[in-house]
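Topology and contacts: notes
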Amino acid sequence: MTQHERSWPTTTPRPSATFDDYTLSEIRRAAATGIYDIRGGGSKRKLPNFDDLLLLGASMSRYPLEGYREKCGTEVVLGNRFAKKPLKLSIPITIAGMSFGSLSANTKEALGRGASAAGTSTTTGDGGMTPEERGQSKYLVYQYLPSRYGMNPDDLRKADAIEIVIGQGAKPGGGGMLLGQKISDRVAEMRQLPKGIDQRSACRHPDWTGADDLEIKIQELREITDWEKPIYLKVGASRPYFDVNLAVKAGADVIVLDGMQGGTAATQEVFIEHVGIPLLSAIPPAVKALQDLGMHRKVQLIVSGGIRTGADVAKALALGADAVAVGTAALVALGDNDPKWDKEYEKLGTRAGCYDDWHEGKDPAGITTQTPELTERLDPVAAGRRLANYLKVLTLEAQTLARACGKNHLHNLEPEDLVALTLEAAAMARVPLAGTSWVPGAR
Amino acid sequence: MCGIAGLFIKNPKLEPQLGELLTKMTSTLCSRGPDSAGFAIYSAGQDGKTKLTIAGPSADYDIATAAEKLRAAVAPKAPTAIHYSHAVLTLTANEARHAREWLEANLPDVNVVSEGHRLEIFKEVGYPDDVAALFGIGAMSGSHGITHTRMATESAVSTDGAHPFSTGADQCLVHNGSLSNHASLRRQLQRDGIKIKTQNDSEVAAGYLTKQMRSGQTLEGALKSSLDDLDGFFTFVVGTEKGFGVLRDPIACKPAVMAETDDYVAFASEYKSLAGLPGISGAKVWEPKPATVYFWERS
Amino acid sequence: MPNIDLSKTRVRELNAALHQLKPDTNETLWTITNPGGEHSIAAGVDAEVTINIQGNAGYYCGGMNKHATIVVDGSAGQGVGENMMSGLIHVKGDASQSAGATGRGGRLIVDGNASARCGISMKGIDIVVKGDIGHLSAFMGQNGRLVVFGEAGEALGDSLYEARIYVRGPVASLGADCIEKQMRDEHKAELHELLKLSGEAFKVDVAEFRRYGSARKLYNFNIDNAGAY
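This structure is a prediction, so every number in the text was calculated from the model and none was measured.

Comments concerning the packing of helix H2 (residues 105–117) of chain A against helix H14 (residues 380–404) of chain A
All names here are of chain A. At a minimum axis separation of 7 Å, H2 and H14 run at an interaxial angle of 40°. Between H2 and H14, the interaxial angle falls into the category oblique. Relative to H14, H2 is oriented so that their crossing is right-handed. Together, Asn106, Glu109, Ala110, Leu111, Arg113, Gly114, Ala115 and Ala117 of H2 and Pro380, Val381, Ala383, Gly384, Leu387, Ala388 and Leu391 of H14 make up the contact between the two elements. Tallied by class, the residues present in the contact of H2 with H14 amount to 10 nonpolar, three polar and two charged.

If you want it as structure tokens, here you go:
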């Protein structure tokens, strides 16, 4: 009897949960190329996030605020611990650091336009400050990175704040990366690199290691800028309690905490998916550290990594953050991964919503590329307008939720306004499971 | 993260100033380590006697009463000196052994901070300038001393988490840096019978040196083997009865600067803390090389 | 001719005064006494003035310097002349770690030894060290020139880009992608020019130096070089 002649039922083909399609494709890719997979973006796997939290609206025991009449403040002051000129932003939503190099000059300009229209700040990245970006940004935060590409005292003085980057959520403990396809003449010149090479970046700063020496480095940056600029410290979320503690002791004005959902221009997939912790789990220990030092609200906390909606904003603030930063969502608002480019995404072996090979510089949306034919596709004025709209929506959404909780300012949201839907979220956010008073793991 | 300084006096005329000079050196390192401070002072010893320095779990612990009870139990005639939150009892070796046993059985909260013919260790939570003043370090004399200011990285700010850590009779360790394999090393050392009380990485380094020396290695040998067994970043300074030693990890990110004149050898995290030493403008100043053990000891 | 005594005046006041200098200032010679290892002395100066520091400086002395001539009559701490743009910093004693780190222009001269990571990530600065340099010097050096009269420590020029290195003494080891290169006439001329600018033109023979540079094998990822990453 041959196989197809048998008459009894057979089992259906069963894919392995361990060796799923993606895993199999990665093994084949690794075997064919001999190099780890590099991509852009943040962690793509399912992680506990703000969707697992709910806000407790007012009803009998508390009174809500009227939507159109009763104000709900959104302004925030960043950097008033030591700096003479703190940033006074209209909304607690800022644009995260993204480099010229990883992004086109038009994109940087659009980010500046959108942020300025919304009354908030934008941030440079690992590649220096472009005139387009400075020109269009009312408030510009200048990143100070291990590579020091494009770093100079003139731009430092032109900045409104300085952000010392220790790490980012996508890769705490890792250095930068920019592959040859994107090292155009202009990028090469700004970074003082030969054109077309694969740029390697250091993971530690060249002239200090550790918080005790960082304290002296911060003093130097303050001296160079005559103590005017707020000094931010950006850390990737991994041990936030300790890191925030040390950041405060080293003298930071503002701490930027980036969860593992935070994006990157180009990093090893294995790094993006396996190092660091989700933002939801990182905020409570960071806030606890500030409270233990008596510095909560005195040293401001900006959180980032997967912020998408006004609900995310409201919940992050309720957990104790002073502001949030958006990166990936801002790029989407500008036009990244737009389905209108679907045919071109298909040619690249992907589809809208999944495109993450930003390091290859072939972005059909003209955002993560340096190729002139592609960068021209992004109109910085129109894209800036879309970003401004998106930031307004985030703000309105957060205000709507805050008013429902009876708050006349977003900063009056508190952890007690939150409950969790899942055990994981309850334990991580340190708020009770909905309908109970139980916080798993609370002491 | 920390500041370290050490002073080894060659000219005995400077010995009465040891505490004063160390206090000044420490003062310049306050911002490197605002959480706690500690001092290892090597002063004159008494023949056949050992000094046992004890401290409670925190500065508000009544150490004088504890010391009095201990003395009554093991050596009623032993001289006892109270320095702020610490007490120093001068005992025979036998009495010291009894004292440790008695403390463990009767006052488990009290720690033996150091033991030795000449060594006394004083360490406490607080801003380094204040800690030095509370212990009266400025008035102390001795042949050499080590000081440490701490910026806690991952473990609690507490009296027993402050440096220096005792590594054996008349020996101690201070550390600047951050070890990355201290958790597994701590478990191994605890299995080997080394007592480690805190989650502090530096205490593990101290326990490691103790263990290596108990297994017959010299201090220099123990330091050399730490290059293989300790992962992470460190500048170590070890105090010995006769002087001190310095070791930096092979990557050597944490700073270290040395100065030598006819009168002294000094060590510090930053030149700033050497700047106030007498005759420093004529001193030979240099940096210890990575992965190299240095010793300055009187013969 | 301002004379600032740092045992009486704070570094903040000194730097504030230096930052207010106009390009046409008459106060072109500053003397700093009792520096006492203070940090960030004369950091961020942007004026053609000469600043003589009489003693030892702490971290980041002359950091991000533009145009100024800064002479340290003593030793300099970590990161002297870090990210310097132009001008001259002359350390008459030793320099600590990361001397001239990420420097983009100008010259750093160290009469004594420089420690680890000298010229790390250098991007156009010229550094002349008349003594020895420590390990990992010129790590990821992108541009500029590093001249060493004495010895170089381990892993010289690791992950080097286009910075050029001349060392007279022995080199403990070369870092990944750093190789010895032939010393041609153009390099001898370049070195001679650098020595001249350092006041050593005819005291030291350019023929005694060896040249090191990037093998450029790490410029584009190749699996066969994975061990070097």
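There is more to say, and it comes next.
A short note on unusual backbone geometry
Glycine aside, negative phi is the norm for most residues, and most peptide bonds take the trans geometry. Going from histidine 163 of chain B to proline 164 of chain B, the amide bond is cis rather than trans, its omega being -5°. Take proline 164 of chain B: it is sitting in the loop between strand E8 (144–150) and strand E9 (165–168). A positive phi angle, close to 55°, is found at glutamine 192 of chain A, a residue other than glycine. With respect to the helices and strands, glutamine 192 of chain A occurs in the loop between helix H5 (185–191) and strand E10 (199–200). At tryptophan 227 of chain A, a position not held by glycine, the phi torsion is positive, near 60°. By secondary structure assignment, the location of tryptophan 227 of chain A is in the loop between helix H6 (211–224) and strand E11 (231–236). Taking relative accessible area as the criterion, tryptophan 227 of chain A reaches 24% and is therefore assigned partly exposed.

Quick look at the side chain of glutamate 82 of chain C
As for its position among the elements, glutamate 82 of chain C is in the loop between strand E4 (69–72) and strand E5 (88–91). Not counting chain neighbours up to four residues away, the residues in contact with glutamate 82 of chain C comprise Tyr144, Arg148, Asp207, Lys217 and Glu220 of chain A together with Tyr60, Gly63, Met64, Gly100, Ala101 and Thr102 of chain C.

With respect to the sheet that holds strand E8 (residues 161–165) of chain A
All names here are of chain A. Strand order in the open sheet made by the eight strands is E5-E15-E14-E12-E11-E8-E7-E6, with parallel pairing throughout. Of all strands in the sheet, those with a lone pairing partner are strand E5 (93–95) and strand E6 (121–123), marking the two edges. Pairs of neighbouring strands in the sheet enclose a mean axial angle of 30°, with direction left out of account. Bridge count for strand E12 (residues 254–258) against strand E14 (residues 300–304) is five bridges, and the pairing is parallel. Residue pairing for E14: aspartate 258 is matched across the bridge by serine 304. Running over the sheet, helix H7 (residues 240–250) touches E11 and E12 and is turned about 155° from E12.

Notes on the UniProt feature "domain: Glutamate synthase" (unreviewed entry) in chain A
Per the UniProt annotation, the sites labelled "domain: Glutamate synthase" (unreviewed entry) are residues 83–407 of chain A. For the annotated span residues 83–407 of chain A, helix accounts for 39% and strand for 14% of the residues, and the straight-line distance between the end C-alpha atoms is 29 Å.

What counts as what
- Residues numbered from 1 in each chain as written.
- Chains lettered and ligands numbered in written order.
- Predicted model: local features only at pLDDT ≥ 70, side-chain atom pairs only at ≥ 80, totals over all residues.
- Heavy atoms only, no water.
- Axes fitted to C-alpha atoms, helices over the stretch in contact; angles between N-to-C directions.
- Helix = DSSP H or I, 4+ residues; strand = E, 2+ residues; numbered from the N terminus.
- Parallel < 35°, antiparallel > 145°, perpendicular 65-115°, else oblique.
- Left-handed = near helix turned anticlockwise from the far one by under 90°.
- Contact = heavy atoms within 4.5 Å.
- Nonpolar A, V, L, I, M, F, W, Y, C, P; charged D, E, K, R; others polar.
- Buried < 20%, exposed > 50% of the residue type's maximum accessible area, 1.4 Å probe, protein only.
- Pairing = 2+ DSSP bridges.
- UniProt positions renumbered as here; feature names shortened; annotations may be inferred.

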